[in-house]
Amino acid sequence: MFKIVSKRELAHDIARFDIEAPLIAKKVLAGQFVIIKIHEDGERIPLTVAAYDRKKGNISLVAMRIGKSTALLAGLKEGDSILDLVGPLGNPSEIEDFGRVICVGGGVGIAPVLPIARELKAAGNYVISIIGAKTKDMLILEDEMKAASDELHICTDDGSLGYKGFVSGLLEDYLEKNLIDNKKTNIARCTAIGPAIMMASV
Ligand SMILES: Cc1cc2nc3c(=O)[nH]c(=O)nc-3n(C[C@H](O)[C@H](O)[C@H](O)COP(=O)(O)OP(=O)(O)OC[C@H]3O[C@@H](n4cnc5c(N)ncnc54)[C@H](O)[C@@H]3O)c2cc1C
């Protein structure tokens, strides 16, 4: 059993769970995920590790309620436990000192981008982050992304905060404004995580 040590609502239908999982917290790297099973009859669902505290032995998951299992998870509270949690799984993100990098997160995709931005900054990169949500109230992890970035650019679909439009539009504007000799940019890498439609346009 894996105990939920704290739960925080980040936005409508998006919550952050800090979970006691010392063995996973010890090993997990940015970009990896876990598979959780909430109870005996539950389905197994993958969720990315959004943060980890190796000293406390906790990992943080940020989940958007979209269907059966994420609704079950949303119903859990601090002190409750998750039956099974397997991981860390998946290939970690490549973390090196690339130079100037851009991290793009859309919606709940900001959560998996956070540890990548953090580690890229810790590795010496100049991290430019672009995050977006439908509205100001739907935007998550703004303070955490600010701390993990050298520059943070925000957009909302309705213009209630920051640039009015999609992250892809803001990214395009940023790259155009930062062209060198009207030709290329000095951006070494761009990591983007978000809904399929966002990924297609980024
Ligand atoms: C590697 C990986 C990492 C991930 N990391 C995260 C993360 O960090 N945070 C996060 O929030 N998500 C993450 N996801 C997505 C997450 O795993 C899914 O949101 C989750 O598995 C959905 O499970 P569910 O049982 O809640 O939804 P399901 O019940 O399986 O529903 C899925 C979709 O089907 C629709 N649906 C369900 N039932 C019906 C029906 N009867 N008719 C029509 N449509 C229906 C739902 O509306 C929903 O859109 C990740 C996925 C992967 C692959």
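Predicted model only: the values in this text are computed from it and were never measured.

Calculation criteria
Residues numbered from 1 in each chain as written. Predicted model: local features only at pLDDT ≥ 70, side-chain atom pairs only at ≥ 80, totals over all residues. Heavy atoms only, no water. Pairing = 2+ DSSP bridges. Helix = DSSP H or I, 4+ residues; strand = E, 2+ residues; numbered from the N terminus. Contact = heavy atoms within 4.5 Å. Axes fitted to C-alpha atoms, helices over the stretch in contact; angles between N-to-C directions. Near = heavy atom within 4 Å. Polar contact = N/O pair within 3.5 Å; in protein donor to acceptor, adjacent residues only side chain to side chain. Areas by Shrake-Rupley, 256 points an atom, 1.4 Å probe, with all protein chains shown as cover. Nonpolar A, V, L, I, M, F, W, Y, C, P; charged D, E, K, R; others polar. Core = buried A, V, L, I, M, F, W, Y, C linked by side-chain atoms within 4.5 Å. Buried < 20%, exposed > 50% of the residue type's maximum accessible area, 1.4 Å probe, protein only. Domains from an automatic or database assignment. Buried area = accessible area lost by both parts, 1.4 Å probe. Salt bridge = Lys/Arg side-chain N within 4 Å of Asp/Glu carboxyl O.

1. Things to note about the sheet that holds strand 9 (residues 126-133)
Read across the sheet, five strands follow the order 11-10-9-8-12 without closing on themselves; strand pairing throughout is parallel. Edge strands, defined here as strands with exactly one partner in the open sheet, are strand 11 (163-164) and strand 12 (187-193). With six bridges joining them, strand 8 (residues 100-106) and strand 12 adopt parallel strand pairing. Bridged to V101 within strand 12 is R189. On top of the sheet, helix 3 (residues 110-122) reaches strand 8, strand 9 and strand 12; it is set at about 165 degrees to strand 8, its chief contact. With respect to the sheet, helix 5 (residues 167-177) is in contact with strand 8, strand 9, strand 10 (151-156), strand 11 and strand 12, its orientation differing from that of strand 8 by roughly 160 degrees.

2. Details of the site of the ligand
The immediate surroundings of the ligand are formed by 15 residues, with P46, V62, M64, S69 and T70 found nearest. With respect to the ligand, the backbone of V62 contributes an N or O atom lying 2.8 Å from a nitrogen atom. For the ligand, whose accessible area on its own is 980 Å², the fraction buried by protein is 49%. At the level of elements, strand 4 (44-53), strand 5 (58-64) and helix 2 (68-74) are the ones that each hand at least two residues to the shell around the ligand. The leading source of residues in the shell around the ligand is strand 4, at four residues. Of the residues assigned to the shell around the ligand, the class counts are nine nonpolar, four polar and two charged.

3. A word on the nonpolar core
When a protein is soluble and globular, its nonpolar side chains tend to lie buried together. Membership of the largest hydrophobic core comes to 47 residues, with the highest contact counts inside it found for I19, I36, I59, L73 and I140. In terms of residue count, the dominant contributor to this core is helix 3 (seven residues). If you count residues domain by domain, this core takes at least three from each of domain 1 (2-89) and domain 2 (100-201). With twelve residues, the next largest nonpolar core counts V104, I128, L170 and L171 among its residues.

4. Overview of the sheet that holds strand 3 (residues 33-37)
Strand pairing within a sheet occurs via backbone hydrogen bonds; the two strands may be parallel or antiparallel. With antiparallel pairing, seven strands are arranged side by side in an open sheet as 6-1-2-5-4-3-7. Of all strands in the sheet, those with a lone pairing partner are strand 6 (81-82) and strand 7 (84-89), marking the two edges. Note that strand 3 and strand 7 share four bridges and pair antiparallel. Across the sheet, the residue bridging to F33 is L89, located in strand 7. The strands touched by helix 3 are strand 4 and strand 5; relative to strand 4, the strand with the most contacts, the crossing angle is about 35 degrees.

5. So, the domain arrangement of the chain
When its domains are assigned, the chain resolves into domain 1 (2-89) and domain 2 (100-201). Computed from C-alpha atoms alone, the centre-to-centre distance between domain 1 and domain 2 is 24 Å. Between domain 1 and domain 2, the residue contacts involve 15 residues of the former and 14 residues of the latter. Summed over both partners, the interface of domain 1 with domain 2 buries about 1100 Å², with 72% contributed by carbon and sulfur atoms. On the domain 1 side of the interface with domain 2, the three residues burying the most area are L10, A30 and A50, jointly 30% of the side's total. Our count for the domain 1 to domain 2 interface comes out at one salt bridge. Across the salt bridge formed by R16 and E144, the nearest N and O atoms sit 4.0 Å from each other. If you look at where domain 1 meets domain 2, you find one residue pair in polar contact (both at pLDDT 80 or more).

6. Re the pairing of strand 5
Of all seven residues that make up strand 5, six are buried, and the element is covered over most of its length. With seven bridges joining them, strand 2 (residues 14-20) and strand 5 adopt antiparallel strand pairing. Along strand 5, the bridge assignment pairs I19 with I59. As paired elements, strand 4 and strand 5 share four bridges and run antiparallel to each other.

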